[in-house]
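Read off the chains here:
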Amino acid sequence: MGFFERISEGLARSRDKFKEQMNVLLDRGPDLDDDFWDGLEETLILADIGAPAASEIVESLRDTATRKALPDAYAVLDLLNDQIAATFAEGGQDVLDGGEAVVLFVGINGTGKTTTVGKLAKEATDAGRTVLLGSADTFRAAAIEQLEVWARRAGVEVVTRERGSDPASVCYDTLERAEAVGADLVLIDTAGRLHTSADLMRELEKVVGVVRKRANMPVYTVLVTDATTGQNGLSQAREFDRALDLDGVIVTKLDGTAKGGIALAISHELELPVLKIGVGEGLDDLRDFDPHDFARALVGEFDERE
């Protein structure tokens, strides 16, 4: 099965929910009246893409419909996928696929940070890069062991310290080791923390600050978020971005959720590029993000004019 098919299969619940709402709207006729535009915006919001993104998409489509004298709702829906794709923030190529980089992975517990770090290490190693991992999640009992398993699988070295060690010092040691071995990509797993905990967020700010001061290559901070959390994921992203000035987001667990639109809500509102998406547990289930493929999988086709 190709990756688009995997995305499409993973977003089936999100797409079914969207099409169900759209079919209700289309059943009353294809006229481009105020009810259609209001209904389209409401349907987009219900797909978890967020009110700001929904409003921008509808406004742009409405303008295009007027300028091009589009005949009906189906002609508008032909343009919907491209408009959704264009609403994602651009950029982020330098974070994982550029030159030398130190990347810190942050997020709440359970989003799949450690697994994501392991998969990225394998992908980068297979591409010929020299990768070093840092286990700065020194609180969760299984985090260090889990990252060590991934490191063995990827054939890379991982810097660890005993449980309870200061995460900032682990990061410092990781950067020293990276210089010693000539690593060109350093991936650091941090402890999951609730975005509502001021103390934990301050500690994370300290960790990121130490890395930025010590590193001799560009430093990026990436949020790993779980699509199944829906709008709560947007609240988390806001707080992490406020504290850390994020550089990108990776959206995991898109398979089997009806809330896949949250990827657009986060990207649009916080102007963060989506770097990767995850649609399963396998090594090959974390892939580069393509906004057009994502939009097509999220919305589907609406050709019911015959």
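Here the structure is shown first, and the text comes after it.
Caption draft 1: Just helix 10 (residues 167–181), in detail. Spanning 15 residues, helix 10 covers 21 Å between terminal C-alpha atoms, matching the ideal 21 Å at 1.5 Å per step. The complete set of buried residues in helix 10 reads Pro167, Ala168, Val170, Cys171, Thr174, Leu175 and Ala178. Taken end-on, helix 10 shows its buried residues confined to a sector of 155°, consistent with a single buried face. Taken together, the buried residues of helix 10 touch strand 1 (101–106), strand 2 (131–136), strand 3 (157–159), strand 4 (185–190) and helix 11 (198–214). Looking at the residues trailing helix 10, positive phi occurs at Gly182, about 70°.

Caption draft 2: Structural view of the pattern of salt bridges. In this structure the tally under the stated criterion is 18 salt bridges. Note that Arg129 and Asp184 form a salt bridge whose closest N and O atoms lie 3.6 Å from each other. Highlighted residues: Arg129 in the loop between helix 8 (113–126) and strand 2 and Asp184 in the loop between helix 10 and strand 4, separated in sequence by 55 residues.

Caption draft 3: Summary view of unusual backbone geometry. One non-glycine residue with positive phi stands out, namely Ala69, at about 50°. As for its position among the elements, Ala69 is in the loop between helix 4 (51–67) and helix 5 (73–77). Look at Ala69 and you get exposed, because its relative accessible area is 60%. The residue Asp245 is not glycine, and still its phi comes out positive at about 55°. If you trace the backbone, Asp245 turns up in the loop between helix 12 (231–244) and strand 6 (248–252).

Caption draft 4: Up close: the packing of helix 4 against helix 13 (residues 262–270). Following both chains from N to C, one finds helix 4 and helix 13 inclined at 85°, their axes separated by 8 Å at the closest point. As summarised for this structure, helix 4 and helix 13 are arranged roughly perpendicular, according to the angle between their axes. On helix 13, the residues that touch Pro52, Ala53, Glu56 and Ile57 of helix 4 are Leu264, His268 and Glu269. Across the contact of helix 4 with helix 13, the residue classes break down as 4 nonpolar, 1 polar and 2 charged.

Basis of the calculations
Residues numbered from 1 in each chain as written. Predicted model: local features only at pLDDT ≥ 70, side-chain atom pairs only at ≥ 80, totals over all residues. Heavy atoms only, no water. Helix = DSSP H or I, 4+ residues; strand = E, 2+ residues; numbered from the N terminus. Expected span 1.5 Å × (residues − 1). Buried < 20%, exposed > 50% of the residue type's maximum accessible area, 1.4 Å probe, protein only. Arc of directions from axis to C-beta. Contact = heavy atoms within 4.5 Å. Salt bridge = Lys/Arg side-chain N within 4 Å of Asp/Glu carboxyl O. Axes fitted to C-alpha atoms, helices over the stretch in contact; angles between N-to-C directions. Parallel < 35°, antiparallel > 145°, perpendicular 65-115°, else oblique. Nonpolar A, V, L, I, M, F, W, Y, C, P; charged D, E, K, R; others polar.

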